[in-house]
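Secondary and tertiary structure notes
Take a look at the letters that make up each chain.
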Amino acid sequence: MGSVKIESETSVKSFVLPVDGEIILDGSITLGADNNEGDCKEKNVYYMEKSISSWAQPDVWSSSKFNKATPDAEKIPCFDDVVEFPENIQSTILLPDLTQYVSDIRIGKQHFDTKKLLDHIRAESDESLQFVLNTFLDTGVVVENKQCQSRSGCPCQKNVLKIDCSSKYCPVPTCIDPIKPIGHCCKICGGFISFDVDESFDIMEFKELVESTVDNYGRNRLDYHVGRLPPNKVQLLVVDKKEYEGTSAQVVNTIDYNMQKHWVQSAKLSKISGTPLYKYGMGGKIFVSMFFVVVFTIGAIYAYYYKLPEIRYPIMGRSFTSMFSRIQRRTDSVVSLTRRDSTITTSGVRTAFRNPLYDSRRGRVQVEELVTPQ
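An account of the accompanying structure is given in this report. The shown structure was predicted, so the numbers you read here are calculated from the model rather than taken from an experiment.

Notes on the state of the cysteines
Counting across every chain of the model gives five disulfides. Paired through a disulfide, C165 and C185 show a sulfur-sulfur distance of 2.0 Å. Between C165 and C185 the sulfur-sulfur dihedral comes to about -70°; the bridge is accordingly left-handed. Residue C165 is found in the loop between β12 (141-143) and β13 (191-196), and its partner C185 is found in the loop between β12 and β13; the two are separated by 20 residues along the sequence. Among the residues examined, C185 registers a relative accessible area of 14% and is labelled buried. In the chain, the bonded cysteines, numbered by position in the sequence, are linked as 1-4, 2-3, 5-8, 6-9, 7-10.

Printed below as a string of structure tokens:
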């Protein structure tokens with residue numbers, strides 16, 4: 001990134017051009033091998049740009065005390081931190097406008113206090129590591145050895161810097177309704193609790209509750225961070241170490257339920273993220289699956305009790321003859337009653353049932369013969 005100026009009369013075998021940035025040629029250059037240069041050994045030469053970083057950028061700092069739950073605002077050096085700069089690093093650091101406190105500053109093997117650091121920067125004795133003074137032409141960093149004496153804990157810094165998130169890469173959260181804790185650049189999956197305290201608050205007692213709860217759920221599965229925020233706020237943040245499964249949200253709910261009432265002086269805010277994306281929609285899928293299972297079961301019961309006698313298909317075995325004869329007798333009986341004993345009318349009058357043993361015609365003839373002689 002940026003502009004690279006190449007002096008005139010430069011001879012190289014080849015160039016690999018950058019994707020971004022520009023190359024300024026100050027004259028002519030020669031590409032290709034020179035046969036007259038017998039003592040020149042072929043090799044690759046890499047141009048390392050000087051990176052410009054701000055004191056308020058969280059990702060330029062690293063520490064063994066950081067974990068996945070550490071807010072970006074608390075990755076900036078705290079009042080009890082030792083700030084170290086590697087000796088052979090090519091970088092430019094923009095110093096803060098708001099005064100920051102640290103316990104010590106080391107550049108390579110050298111220790112610097114506040115005045116010595118300012119003299120070092122003004123002398124510009126180190127060409128590789130450069131500091132840019134703030135708008136007040138000062139370092140903005142005070143070196144003092146100070147310990148926290150408060151029972152309720154001490155904030156990382158008295159003067160909270162506005163975190164520079166411009167170079168922060170935010171991955172896509174793997175949960176529904178991700179959260180954004182205080183001091184974080186990105187939305188994440190997990191849970192946090194923030195609440196107001198006073199000087200009577202015992203931060204060690206609260207940390208014991210957090211540690212015991214995390215141990216019950218599995219310390220190897222979770223990362224957590226307890227921070228003291230200015231002027232009188234405490235924040236707990238819990239996240240899953242690996243892929244989000246919702247365990248951190250359960251831990252925050254448990255701690256929120258077991259917190260003592262006298263710890264919170266006024267406002268308390270508790271937020272947790274939702275279901276993991278890979279589990280999202282499982283309830284609907286289970287409902288649809290169970291719906292089809294129930295429908296299939298009811299259909300099978302209906303077919304067995306109501307439709308099965310009308311299904312005609314070959315049946316092998318002893319029961320074939322008896323079943324066939326039963327169905328045949330029922331058919332003959334129905335046909336007999338319909339042909340011989342039922343009266344079909346077209347006037348809409350209900351059909352009367354007659355006794356098949358009674359012959360109606362002979363009955364009428366006998367009646368007529370008896371009436372004639374009279």
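Digging into the nonpolar core
Nonpolar side chains in soluble globular proteins tend to end up buried together. Counting residues in each nonpolar core, the largest one holds 22 residues, and the members touching the most others are W55, W61, V83, F85, V102, I105 and F131. Every element with two or more residues in this core is listed here: β6 (82-85), β9 (104-107), α1 (114-123) and β12. I203, L236, V238 and W263 belong to the second largest nonpolar core, which has 20 residues in total.

A closer look at the pattern of salt bridges
Under the counting rule described, the total for this entry stands at eleven salt bridges. K75 is the partner of D72 in a salt bridge, and the nearest nitrogen-oxygen pair spans 3.8 Å. Overall, D72 belongs to the buried group, its relative accessible area being 2%. Across the salt bridge formed by K233 and D196, the nearest N and O atoms sit 2.8 Å from each other. Of the two residues, K233 is situated in strand β15 (residues 233-240) and D196 in strand β13; the sequence distance between them amounts to 37 residues.

Quick notes on a nonpolar patch on the surface
Taken together, the side chains of F15, L17, I23, L25 and L31 define a hydrophobic patch exposed on the protein surface, amounting to about 470 Å² of accessible area. Mapped onto the fold, L31 is located in strand β4 (residues 29-31). When its relative accessible area of 53% is taken as the criterion, L31 is described as exposed.

Focus on unusual backbone geometry
Residue P231 is bonded to the preceding P230 through a cis peptide linkage, with omega at -5°. Position of P231 among the secondary structure elements: in the loop between β14 (222-229) and β15. With a phi close to 65°, E9 is a non-glycine residue in the positive phi region. Relative to the helices and strands, E9 is located in the loop between β1 (3-6) and β2 (10-12). Its relative accessible area of 59% is what places E9 among the exposed residues.

Examining the sheet that holds strand β10 (residues 110-112)
Spatially, the three strands line up as an open sheet ordered β6-β9-β10, and their pairing is mixed. Among the strands making up the open sheet, the edge pair consists of β6 and β10. Along the sheet, successive strands turn relative to each other by an average axial angle of 25°, direction set aside. Sheet strands in contact with α1 are β9 and β10, and its direction is about 110° off that of β10.

Focus on the pairing of β13
Counting buried positions over the six residues of β13 gives six, a clear majority of the element. Residues of β13 alternate between two faces, with G191, I193 and F195 on one and F192, S194 and D196 on the opposite face, all of them buried. Sheet topology places β13 next to β15; six bridges connect them, and they run antiparallel. From the neighbouring strand, G191 faces β15, where its bridge partner is V238. Pairing between β13 and strand β16 (residues 268-272): five bridges, direction antiparallel. Residue pairing across strands places G191 opposite I272, the latter belonging to β16.

Here's the deal with the environment of W55
With respect to the helices, strands and loops of the structure, W55 is situated in the loop between β5 (51-54) and β6. By relative accessible area, which is 1% here, W55 ends up buried. Put simply, W55 and D97 are 42 residues apart on the chain and 9.8 Å apart in space, counted from C-alpha to C-alpha.

Concerning the side chain of S248
Relative to the helices and strands, S248 is located in helix α3 (residues 247-258). Among all residues touching S248, those that are not within four sequence positions of it are G190, G191, L222, V238, V239 and D240.

Section: the packing of aromatic side chains
Enumeration according to the criterion identifies eight aromatic pairs in this entry. Between F195 and F201, the ring centres sit 5.7 Å apart and the planes meet at 75°, which makes this aromatic pair edge-to-face. Its relative accessible area of 0% is what places F195 among the buried residues. A centroid spacing of 6.2 Å and a plane angle of 50° characterise the contact between F201 and F206, whose relative ring orientation is tilted. Of the aromatic side chains, those joined through ring pairs into one cluster are W55, W61, F85 and F131.

The rules behind the values
Residues numbered from 1 in each chain as written. Predicted model: local features only at pLDDT ≥ 70, side-chain atom pairs only at ≥ 80, totals over all residues. Heavy atoms only, no water. Disulfide = S-S within 2.5 Å. Helix = DSSP H or I, 4+ residues; strand = E, 2+ residues; numbered from the N terminus. Buried < 20%, exposed > 50% of the residue type's maximum accessible area, 1.4 Å probe, protein only. Core = buried A, V, L, I, M, F, W, Y, C linked by side-chain atoms within 4.5 Å. Salt bridge = Lys/Arg side-chain N within 4 Å of Asp/Glu carboxyl O. Patch = residues over 30% accessible without salt bridge, like charges linked within 9 Å, V, L, I, M, F, W, Y side chains within 5 Å. Areas by Shrake-Rupley, 256 points an atom, 1.4 Å probe, with all protein chains shown as cover. Pairing = 2+ DSSP bridges. Axes fitted to C-alpha atoms, helices over the stretch in contact; angles between N-to-C directions. Contact = heavy atoms within 4.5 Å. Phe/Tyr/Trp six-rings, centres within 6.5 Å; stacked < 30°, edge-to-face > 60°.

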